[in-house]
Amino acid sequence: MTDGDYRTEHDILGEAAVPARALYGIHTVRALENFVLSGHPVHAALVEAFGVVKLACARTNRLLGIWADDPAKANAIEQACREMADGKLSEHVVVDAMQGGAGTSTNMNVNEVLANRALEILGEPPGAYGRVSPADDINLHQSTNDTYPTALRLAAIRLLHELEDQVVTLQEAFQQKELAFSDIVKVGRTELQDAVLTTLGREMGAYAEAINRDRWRISKCEERLRVVNLGGTAIGTGFAAPRQYVFRVVDTLRELTGVGFARAENLIEATQNADVFVEVSGILKAHAASLLKISGDLRLLSSGPESGFGEIRLPQRQAGSSIMPGKVNPVIPEAVTQVAVMVMGLDHTVALAAGLGSLELNPFLPLIAVCLLDSLTLLARADETFRRNCVEGIEADETRCRAFVEASSALATALVPALGYEVASSVVVESQISGRTIHDIVIERALLSEDELAELLTAEAVCRLGMPQQFGRSVES
């Protein structure tokens, strides 16, 4: 490389060489030297949200008369912000997602990219900051401490919408299976032991309801994230920002996004604390718990297939072994399980990072951003692949379900409302000793007629809330 391949930029620490055509600048170069950690760039959703936040700030400044004598500069800055908001400049935000400084490296990387892109639009070379400055123009009346958490909230809201869409379709997939399997009677189990009869449809319906509850929780998260500290600058006092700017900038952000953002009543408190991210992350953990439980159930119900439960068949996605012929593993539930476990771990990290804030600022927002945005992305992808590659293709093995019903003591439990516990127990004991079926013993002992016994074993009967009066004992009013 020759000197012509680089430009020299200055900061308070001195000089540094920056690639000549790079849209980033010296602050980004320092960050690239200091933070070689995760190897992952800042989440694309956060970069795009930053573009929107910077656009809101630039437009507010313009409304207040900044750059009135240079409308071309104002236009170029706004165009650059829109391009970042549209994802066209994400590749130039190159700092590591894990960084010290409460997100300053990300904010400065964004500022430099926007300034240099505006310079390109104006026909100026990168680094000509006398024309458009990353600090004096792009970051005007702002701080990392109000723009970063605001961008994080916007990014999280957008990803929450994507997650909610996936949760809805996953819920609907289970509801479809609830209808498809509504007439398939099977053994219900508690503590992995035979308990009472139910239907496969009822099991699927329970999963659908759990996911529906997650959907409701997730839909409420946006309310927690709408309150922002934008305009509070460094610690929430609005230092170095005009009063009119502080009052107007959130309104501009709301107009640009269509999200009901509101300025925090206490900007100092909103700058100090990150507990809202803990709350949202907790909701994500609840959804992860649902996925963990359901994935485990599907693995059990499809286990075997010959020597396990084998009551359902999952779609066969790939060969399961390099040595065992014909083996196919439940890879989709296994993958979803791993996502769920990871999200739970990320939630714990969010809580720790939020609690480690000190005095007027939380320095660990980059860690919170990594964990929260990754959780949102992972869950949305897990829900989508769970639905598309697994749930929609689940098939029932009705024959096996029926065989388990006929062989299980759960059949005797279904007789309790009609025969009482003691008589039903005696039937089970006799069946175990003689090897004869419970059905045959009940009929031979004339405990119930064929029709009465069949009625107790229909899908309608095992799903009925309570028992018809003719099968129960008299109930005193």
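Conventions used here
- Residues numbered from 1 in each chain as written.
- Predicted model: local features only at pLDDT ≥ 70, side-chain atom pairs only at ≥ 80, totals over all residues.
- Heavy atoms only, no water.
- Pairing = 2+ DSSP bridges.
- Helix = DSSP H or I, 4+ residues; strand = E, 2+ residues; numbered from the N terminus.
- Core = buried A, V, L, I, M, F, W, Y, C linked by side-chain atoms within 4.5 Å.
- Buried < 20%, exposed > 50% of the residue type's maximum accessible area, 1.4 Å probe, protein only.
- Contact = heavy atoms within 4.5 Å.
- Patch = residues over 30% accessible without salt bridge, like charges linked within 9 Å, V, L, I, M, F, W, Y side chains within 5 Å.
- Areas by Shrake-Rupley, 256 points an atom, 1.4 Å probe, with all protein chains shown as cover.
- Salt bridge = Lys/Arg side-chain N within 4 Å of Asp/Glu carboxyl O.
- Axes fitted to C-alpha atoms, helices over the stretch in contact; angles between N-to-C directions.
- Parallel < 35°, antiparallel > 145°, perpendicular 65-115°, else oblique.
- Left-handed = near helix turned anticlockwise from the far one by under 90°.
- Nonpolar A, V, L, I, M, F, W, Y, C, P; charged D, E, K, R; others polar.
- Lys, Arg positive; Asp, Glu negative; His and termini not counted.
- Charge placed at Lys NZ, Arg CZ, Asp CG, Glu CD.
- pLDDT = per-residue confidence, 0-100.
- Expected span 1.5 Å × (residues − 1).
- Arc of directions from axis to C-beta.

K.L.:
Please provide a residue-by-residue account of the pairing of strand β4 (residues 193–199), values included.
P.N.:
Two strands pair when backbone bridges link them, and strand β3 (residues 185–190) and β4 are joined in this way by 5 bridges, in the antiparallel orientation. Counterpart to Arg189 in the pairing with β4 is Asp194. In sequence, β3 turns back onto β4 through a hairpin of 2 residues, with Glu191 there showing a positive phi of about 55°.

K.L.:
A description of the nonpolar core should follow, citing residues and the corresponding values.
P.N.:
Counting residues in each nonpolar core, the largest one holds 113 residues, and the members touching the most others are Leu46, Phe174, Phe277, Leu298, Ile368, Leu376 and Phe386. For this core, the leading source of residues is helix α6 (residues 144–180), giving 14 residues. Counting residues in hydrophobic clusters, the runner-up holds 22 residues, among them Val185, Leu197, Leu419 and Ala459.

K.L.:
Tell me about the environment of Leu64, and please be specific about residues and values.
P.N.:
Residue position: Leu64 is located in the loop between α2 (44–63) and α3 (71–85). Leu64 sits in the partly exposed class, given a relative accessible area of 25%. Once the C-alpha coordinates of Leu64 and Ile394 are considered, the two residues, 330 residues apart in sequence, prove to be 60 Å apart. Those residues in contact with Leu64, other than ones at most four positions away along the chain, are Gln244, Tyr245 and Arg248.

K.L.:
Describe in detail a nonpolar patch on the surface, supporting the description with residues and values.
P.N.:
A contiguous nonpolar patch, built from Leu352, Leu356 and Phe364 and spanning about 280 Å² of accessible area, is present on the exposed surface. Assignment of secondary structure puts Leu352 in helix α11 (residues 331–355).

K.L.:
So what's going on with the packing of α6 against helix α7 (residues 200–225)? Which residues, and what values?
P.N.:
Each pair of packed helices gets described by two things: the angle between the helix axes and the distance between those axes. One can describe the packing of α6 onto α7 by two numbers: an axis separation of 8 Å at closest approach and a directional angle of 165°. With respect to α7, the axis of α6 lies roughly antiparallel. When you trace α6 past α7, the crossing you get is left-handed. Looking at the contact of α6 with α7, its residues break down into 15 nonpolar, 7 polar and 6 charged.

K.L.:
Account for a negative patch on the surface, naming residues and giving values.
P.N.:
A surface patch of negative charge is lined by Asp440, Glu450, Asp451 and Glu452. Tracing the backbone through its elements, the reader meets Glu452 in helix α18 (residues 450–456).

K.L.:
Could you give an account of the side chain of Ser375, with specific residues and numbers?
P.N.:
By the element assignment, Ser375 lies in helix α12 (residues 365–389). Beyond its immediate chain neighbours, meaning those up to four positions away, Ser375 contacts Leu284, Val343 and Leu346.

K.L.:
I'd like to hear about the packing of helix α1 (residues 26–34) against helix α4 (residues 104–121), residue by residue, with values.
P.N.:
Their axes nearest at 8 Å, the elements α1 and α4 cross at an angle of 140°. By the angle class used here, α1 and α4 are oblique. Crossing of α1 against α4: the hand is left-handed. Two secondary-structure elements touch here, α1 through Ile26, His27, Thr28 and Ala31 and α4 through Ser105, Met108, Asn109 and Glu112.

K.L.:
Break down the pattern of salt bridges for me, with residues and values.
P.N.:
It is possible for side chains of opposite charge to pair when their charged atoms get near one another. The final tally for this structure, using the stated rule, is 30 salt bridges. Note that Glu279 and Arg224 form a salt bridge whose closest N and O atoms lie 2.8 Å from each other. Here Glu279, found in helix α10 (residues 275–301), pairs with Arg224, found in helix α7; they are 55 residues apart in sequence, far enough to count as distant. When salt bridges with common partners are traced through the structure, they connect Lys186, Arg189, Asp194, Glu203 and Glu311 into a single cluster.

K.L.:
Explain the confidence of the model for the chain to me, using residue names and the numbers behind them.
P.N.:
Averaged over the chain, the pLDDT score is 93; the fraction of residues at 70 or greater is 96%. The low-confidence segment residues 472–477 (pLDDT under 50) makes 5 contacts with residues lying over four places distant or belonging to another chain.

K.L.:
Describe helix α16 (residues 421–434), and please don't skip the residues or the numbers.
P.N.:
Helix length check: α16, at 14 residues, gives a terminal C-alpha distance of 20 Å against a target of 20 Å (1.5 Å per residue), a fit within 8%. If you check which residues of α16 are buried, you get Ala424, Val427, Val428 and Ser431. Buried residues of α16 fall within an arc of 95° about the axis and therefore sit on the same side. Counted as exposed and oriented over 90 degrees from the buried face of α16: Glu422 and Ile433. Looking at the buried positions of α16, the neighbouring elements they touch are α14 (410–413), α15 (416–419) and α17 (438–444). At the C-terminal side of α16, Gly435 shows a positive phi close to 80°.

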